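A closer look at the structure
Each chain, written out:
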Amino acid sequence: MDKQRRVILPKPWRLSTDKIAKVAKEGEGDKVDDERPVDSDELTYFFLMPWVLNGKKVIYVFDQEQMALSSAAWDNISPFSLGQQFPFSNFVRRIQMVSLDSQWRFSINNYLKEYANLPPLKKDGVAFSGSWHWGILQNAAEDDADVAMDDETMQFMNQFAAYQQARQEKLEDVAANRGFPPGMMPGFPPGVLPMN
């Protein structure tokens with residue numbers, strides 16, 4: 001993080017569809033779209049949200065699509081309920097929207113920097129993790145990737161592996177029946193298979 005509280009989006013997080021604030025140099029007018037300046041309404045925007053994860057203060061990062069999904073549940077909060085409305089508005093007003101500059105950097109506001117205890121002017125001081133539409137920013141000193149996986153993580157991996165296996169078996173069954181669900185063949189009633 002530099003003096004302007006800017007961090008660089010890691011290469012694995014960058015998508016070919018991202019629109020960054022690229023400033024074209026003289027003579028670059030005929031290059032491909034991602035080399036030209038883009039209007040502010042075309043830029044790729046992210047939302048930075050304060051959160052608590054496993055007792056640690058972190059910053060969630062959402063793209064616009066994931067933010068729309070995450071905020072859908074907020075429609076149920078009544079504007080007439082002070083018990084809900086004040087904590088909700090106090091939380092939401094701390095969400096920051098950012099775009100990427102020509103060097104894939106974005107600035108974190110001072111509140112979020114202090115909230116997540118992100119160290120300025122420290123090389124590799126901020127840890128990025130996550131995938132596709134969302135991620136987490138946190139103090140790198142509090143993110144030990146070498147620590148042994150806990151039971152919850154192992155259980156998650158086993159459940160995901162079982163899901164993938166069941167999905168693969170289903171695809172193989174469909175392929176064996178030439179694209180038709182098991183027990184269903186073209187030109188025959190359900191449950192009636194052709195004679196050999």
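Residues numbered from 1 in each chain as written. Predicted model: local features only at pLDDT ≥ 70, side-chain atom pairs only at ≥ 80, totals over all residues. Heavy atoms only, no water.

Here's the deal with the layout of surface pockets
Here the largest pocket defines a volume of roughly 870 Å³. Lining the largest pocket we find 22 residues, and of these Leu 53, Asn 54, Asp 143, Asp 150 and Thr 153 sit closest to its centre. Put simply, the parts of the chain that give the lining of the largest pocket at least two residues each are strand 6 (126-131), strand 7 (134-139) and helix 4 (151-176). (1 Å grid on protein atoms, 1.4 Å probe; cavity = no way out; pocket = protein on both sides within 12 Å on 5 of 7 lines; lining within 4 Å. Points joined across faces, edges and corners; volume = space filled by probe spheres on them. Helix = DSSP H or I, 4+ residues; strand = E, 2+ residues; numbered from the N terminus.)

Some details on the pairing of strand 2 (residues 45-53)
Bridge analysis of strand 2 against strand 4 (residues 96-99) gives four bridges, and the strand direction is antiparallel. The residue bridging Tyr 45 from the neighbouring strand is Ser 99, located in strand 4. As judged from the eight bridges shared by strand 2 and strand 3 (residues 56-63), these two strands associate in the antiparallel manner. Looking at strand 3, one finds that Phe 47 is bridged to Phe 62. Here strand 2 hands over to strand 3 after two residues, with Asn 54 in that stretch at a positive phi of 50°. (Pairing = 2+ DSSP bridges.)

What to know about the pattern of salt bridges
Tallying each qualifying case throughout the model produces three salt bridges. With its nearest N and O atoms 2.8 Å apart, the salt bridge here joins Glu 114 to Lys 113. Classification of Lys 113 by relative accessible area gives buried; the value is 10%. (Salt bridge = Lys/Arg side-chain N within 4 Å of Asp/Glu carboxyl O. Buried < 20%, exposed > 50% of the residue type's maximum accessible area, 1.4 Å probe, protein only.)

A closer look at the confidence of the model for the protein
Residues at a pLDDT of 70 or more form 79% of the protein, whose mean pLDDT is 78. Element-level mean pLDDT values for the protein span from 79 in helix 2 (residues 82-92) up to 94 in helix 3 (residues 110-115). This stretch, residues 24-34, has a pLDDT under 50; its non-local contacts, to residues over four places away or in other chains, come to eight contacts. (pLDDT = per-residue confidence, 0-100. Contact = heavy atoms within 4.5 Å.)

Looking at the packing of aromatic side chains
By the definition in use, this model includes eight aromatic pairs. Joined through ring pairs, the aromatic side chains of Trp 51, Tyr 60, Phe 62, Phe 91 and Trp 134 make up one cluster. (Phe/Tyr/Trp six-rings, centres within 6.5 Å; stacked < 30°, edge-to-face > 60°.)

Points about the nonpolar core
In terms of nonpolar packing, the biggest core is built from 19 residues, with Leu 48, Ile 59, Leu 100, Phe 106, Ile 108, Leu 118 and Leu 137 touching the most fellow members. Secondary structure elements with two or more residues in this core: strand 2, strand 3 and helix 3. If sequence neighbours within four positions are ignored, Leu 100 has contacts with Leu 9, Ile 20, Ala 21, Thr 44, Phe 46, Arg 105 and Phe 106. Core analysis: the next-biggest nonpolar cluster, separate from the first, contains eight residues, Met 49, Tyr 60, Met 67 and Ile 136 among them. (Core = buried A, V, L, I, M, F, W, Y, C linked by side-chain atoms within 4.5 Å.)

Let's talk about the environment of Gly 130
In this structure, Gly 130 sits in strand 6. Relative accessible area serves as the criterion here: at 38%, Gly 130 is assigned to the partly exposed category. Residues Gly 130 and Trp 13 lie 117 residues apart in sequence; the distance between their C-alpha atoms is 8.8 Å. Contacts of Gly 130, omitting those with residues within four sequence positions, involve Trp 13 and Gly 135.

Quick notes on the pairing of strand 7
Within strand 7, five of the six residues are buried, which leaves the element mostly enclosed by the surrounding structure. Of the pairings in the sheet, the one linking strand 3 to strand 7 comprises four bridges and is antiparallel in character. Across the sheet, residue Ile 59 finds its bridge partner in strand 7, namely Leu 137.

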